[in-house]
Amino acid sequence: MTAQPSKASTPGVVRPPLPLGWWLLMAAVGLAVLSPLLLLLWQSLLNNPFFAPVKTVGVSAYTQVLSDPAFWRAFGNSGVLALAMIFIAVPLGALLAFLVTKTDLPFAKVFEVLLLTPIFVSPIVLGVGFIVSLGPSGFVSAWFKALFHLDAAPWSVYTLPAIALIAGLTHVPYVYLYVSTTMKNLDASLEEAARLSGAGVWKVMTAVTLPLVRPALVYSAMLMLLLGFEIFGLPLVLGDARGVDVITTYLYRLTAITGVPAYGPMAVVAMILICMALVIVFMQRFLTRTSGSYVSLGSKGYRAERLKLGGLRWPLALIISAYLLYAVVTPMAGVLLRSLVRSWGPGVNLFSALTLANYQSIFSTPDLARSVLNTLMVALVGGAAAVAVYLFVALGIQRAPKGVSRTLDYLAGLPRAVPGLIMGLALFWLFIFVPVLKPIRPTLLSIAIAYTIVWMPYGVRLITAALGQVSRDLEEAARISGATATGAFVRATLPVLRPGLIAAWLLIFMQFVREYSSGVYLLSPGTEVLGAQIVQLWSTGAVDAIAALSSLQIIIIVAVYAIATRIGVRPG
C-alpha cells in the first residue's frame, strides 16, 4: 500500500489512480460483511429456500411473520428490556463512573476492575449463575427461606420484570466504561473552579460533570437500546421456564415453533432486527455528533484534587459492594459452586456433595473436551489472525484516500448493527450453499471467520486508537532513507505499535472466549466451542456439564483479564 501525501483535492489537478491494494482491501471487507446480509435479504423475499429449484419472489414470509401474535409479543418484550436497560444502566453507570473517577471513594481501583469484569463474561453464563443462586433451588434462595422460615423465595428470576432488572444491572459496566473514559479526559479545571466557588460534590456532578459528558451518555443510551433488541443469552436461559420470548429467542425457536425449517420467516426476523439496529446506530451517530460541542478536554498533566464525599464515603462503598455482590460476584460464584457439587436443591448438604466429577466428565466426553480446546485454539490463533485483519482495515481507515477511508469505516462498523446470532445464521447459509465455501463449513475456520466479522467494529476501533498514538515521523524518515512504504511500516512503525497490538489481541482473545451467539448455527461435530456448546446443552437440561463448562470459561477469562489488567490494558 502506498501512503498518500494529502487527501485534499486541488482543482485542475488529475488525481492518480487508486492503488490496487486499496481496491482489494475494500472488496475483501465488503464481501465479508455484505455477502451474508445480502443472502438474508434475498431469502426474506422468497417463498421457498433460496437453494430450492422452484421459488418465486414475494412478501409471503413477511406476511407470515407480521401476522404472528407470538412475534409481536416477543417484539414487545424486547422493547421492555431495551427501556429497562436504558433507565437502569445509564443512570447507575454514570453515577458509578463519577464516584470512581472523580471522588475519594474507598477502593476505587478495586471497584473499577470488578465493574469491568462482566463485559468479558458471557451473558448466558451470567444467566445460569442467576438461576443457580437466585432461582427456586438457588443457594441464596435456600438461605433466605431458611432464615425467614418461608416455603418459597419471595422473588422469581423467570418473569419479564425480573429479566429486565437483571439485564439492566448486568449492562451497567458498558455505560460505566464509556462514561468513565470520557470523564477521565475532561478539563478538570472546570470542576475545580466549581468546587472553589463553594459547590458541593453532587452540585459539581449535576451542574458540571454530567453536562460535559452528555455525548457519552447519549451514546450509552443508544447502545443500551441496541443491545436491548439484540440480547439473547439472558432471556434464552431465564425466560425458558415461563415461555418469555424476546425477538432473538423467537428467531432461535422459529423452526421448533413452525415444525419445519423456516428459512423465509427466519430471514424476515433477521432483516427486521438489522433494519432496527441500523436506525438505532444512525440515531446514535446523529445524536452524538450534534451533542459533541459539550465535550471539554483538559490539558495534559493537570490533575484536580478528588472531590470529598465526607461521611458518605463508606456508605457509598457499601452500596457499590452490594451491587457488585448481586450483579457480578453472586452469579459467577453460583456457577463455580454448582460445578463443584454432584446434586443441588432443598435438603442437600453442599459440603457432602462436593466433587470434581463434573470436570472429569467434561474431559472424558469427546465433544465437550473439544469445545474447551477449540475455544482456546480459536481465541489464540483466530484472535491473532483477526488482529492482523483489523490492522489492515485500520490502516485503510487512517491512511487511504478520503472516499476509501470512509467506505472502510462504514463497512467495518456495519457488523455492530447485526446481532451475532443473525451473522452466524447468515454465514451458516453462505457456507452451506456456496460451493466454493462448503469445505470451510465443518472446520474451525468457519467459527474464526464468524467471530472476526462480528467483532470487527470493536477490534478495528482498538487498532485505530493504537495507530493514532504512533507518530509517522519515523516511517517518513525511513522512506527518505530509501525504504519502501511496506518496509518503512514494518521496520519503523510496527515495533512501536507492538504493545498496542498485544493489548488488542488480549482483549479480542477474551471476547472470542465469551462469544456464543454467532457460533450457535455453526456448531457441528468437530467445531464445538464453549459458548455455543452451552446454548446447545441448555435445551437438554445437562446442568452439571453447563456449570462445569461455564466455570472453565470464567476461569480462562479471569486469568487473561488479570494479565491484561496487570500490564495496563483497559477494555475501551
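These numbers were taken from a predicted model, which means no experiment stands behind them. (Residues numbered from 1 in each chain as written. Predicted model: local features only at pLDDT ≥ 70, side-chain atom pairs only at ≥ 80, totals over all residues. Heavy atoms only, no water.)

1. Some details on a nonpolar patch on the surface
This is how the line gets drawn: Candidates for patches are residues over 30% relative accessible area with no salt bridge; among them, like charges are joined within 9 Å and nonpolar side chains (Val, Leu, Ile, Met, Phe, Trp, Tyr) within 5 Å. Surface exposure here means Shrake-Rupley accessible area, sampled with a 1.4 Å probe, where a residue is shielded only by the protein chains that are shown. In the sections that follow, a salt bridge refers to a side-chain nitrogen of Lys or Arg positioned within 4 Å of a carboxyl oxygen of Asp or Glu. Numbering of helices and strands runs from the N terminus; a helix is a DSSP stretch of H or I covering at least four residues, while a strand is a stretch of E covering at least two.
Taken together, Leu92, Leu95, Trp202 and Leu312 make up a surface patch of nonpolar side chains, about 290 Å² in accessible area. Structurally, leucine 92 is set in helix 3 (residues 69–102).

2. Some remarks on the pattern of salt bridges
We apply this condition: For every residue, the accessible area (1.4 Å probe, protein chains only) is compared with the maximum for its type, and the residue is labelled buried under 20%, exposed over 50%, or partly exposed between those bounds.
In the structure shown here, the tally under the stated rule is 9 salt bridges. Among the ionic pairs, arginine 253 bridges to aspartate 240, the shortest N-O distance being 3.0 Å. Of the two residues, arginine 253 sits in the loop between helix 13 (247–252) and helix 14 (254–258) while aspartate 240 sits in the loop between helix 12 (233–238) and helix 13, which places them 13 residues apart along the sequence. We classify arginine 253 as buried; its relative accessible area is 19%. In this structure, glutamate 528 engages arginine 370 in a salt bridge whose closest nitrogen and oxygen atoms are separated by 2.9 Å. In this pair, glutamate 528 sits in the loop between helix 24 (485–514) and helix 25 (530–538) while arginine 370 sits in helix 18 (residues 366–399), placing the two residues 158 residues apart along the sequence. Note on glutamate 528: relative accessible area 5%, which makes it buried. Among the residues examined, arginine 370 registers a relative accessible area of 32% and is labelled partly exposed. Linked through salt bridges whose partners overlap, the residues forming this network are Asp240, Asp245 and Arg253.

3. Looking at the packing of helix 1 (residues 20–44) against helix 18
Under the convention used in this document: Between the N-to-C directions of two axes lies an angle of 0 to 180 degrees, each axis being a line fitted to C-alpha atoms and, for a helix, fitted only over the stretch in contact. Small angles under 35 degrees read as roughly parallel and large ones over 145 as roughly antiparallel, with 65 to 115 read as roughly perpendicular and the rest as oblique. Note: crossing handedness is left-handed where the near helix turns anticlockwise from the far helix by less than a right angle, and right-handed where it turns clockwise. Any pair of residues with heavy atoms lying within 4.5 Å of one another is described as a contacting pair. Each residue receives one of three labels: charged for Asp, Glu, Lys and Arg, nonpolar for Ala, Val, Leu, Ile, Met, Phe, Trp, Tyr, Cys and Pro, and polar for the others, Gly being one of them.
For the pair helix 1 and helix 18, the least separation of the axes is 11 Å and the interaxial angle reads 125°. By the angle class used here, helix 1 and helix 18 are oblique. Every pair of crossing elements has a handedness; the one defined by helix 1 and helix 18 is left-handed. Facing helix 1, whose interface residues are Trp22, Leu25 and Val29, helix 18 presents Phe392, Val393, Leu395, Gly396 and Arg399. Here the contact of helix 1 with helix 18 is built from residues that sort into 6 nonpolar, 1 polar and 1 charged.

4. Examining the packing of aromatic side chains
For clarity, the threshold we go by: Pairing of aromatic side chains here covers Phe, Tyr and the six-membered ring of Trp, requires ring centres within 6.5 Å, and sorts the geometry by plane angle: under 30 degrees stacked, over 60 edge-to-face, intermediate tilted.
Within this structure, the stated rule accounts for 22 aromatic pairs. Judged by centre distance (5.7 Å) and plane angle (45°), the rings of phenylalanine 75 and phenylalanine 229 are tilted. Here phenylalanine 75 is found in helix 3, whereas its partner phenylalanine 229 is found in helix 11 (residues 214–230), with 154 residues between them in sequence. When its relative accessible area of 24% is taken as the criterion, phenylalanine 75 is described as partly exposed. Here the aromatic rings of tyrosine 451 and phenylalanine 512 are separated by 5.4 Å at their centres, their planes lie at 65°, and the arrangement is edge-to-face.

5. As for the nonpolar core
Our working definition: Nine residue types can take part in a nonpolar core, namely buried Ala, Val, Leu, Ile, Met, Phe, Trp, Tyr and Cys, and a core is a set of them joined through side-chain atoms within 4.5 Å.
By size, the foremost hydrophobic cluster in this structure holds 198 residues, and its most contacted members are Leu40, Leu105, Met224, Tyr390, Trp429, Ile463 and Phe512. A total of 17 residues in this core trace back to one element, the largest contributor, which is helix 3.

6. A look at the environment of methionine 423
Tracing the backbone shows methionine 423 in helix 20 (residues 420–433). For the pair methionine 423 and tyrosine 451, spaced 28 residues apart in the sequence, the C-alpha separation amounts to 9.3 Å. Setting aside its immediate chain neighbours within four residues, methionine 423 contacts Pro36, Leu37, Val418, Ile453 and Val454.

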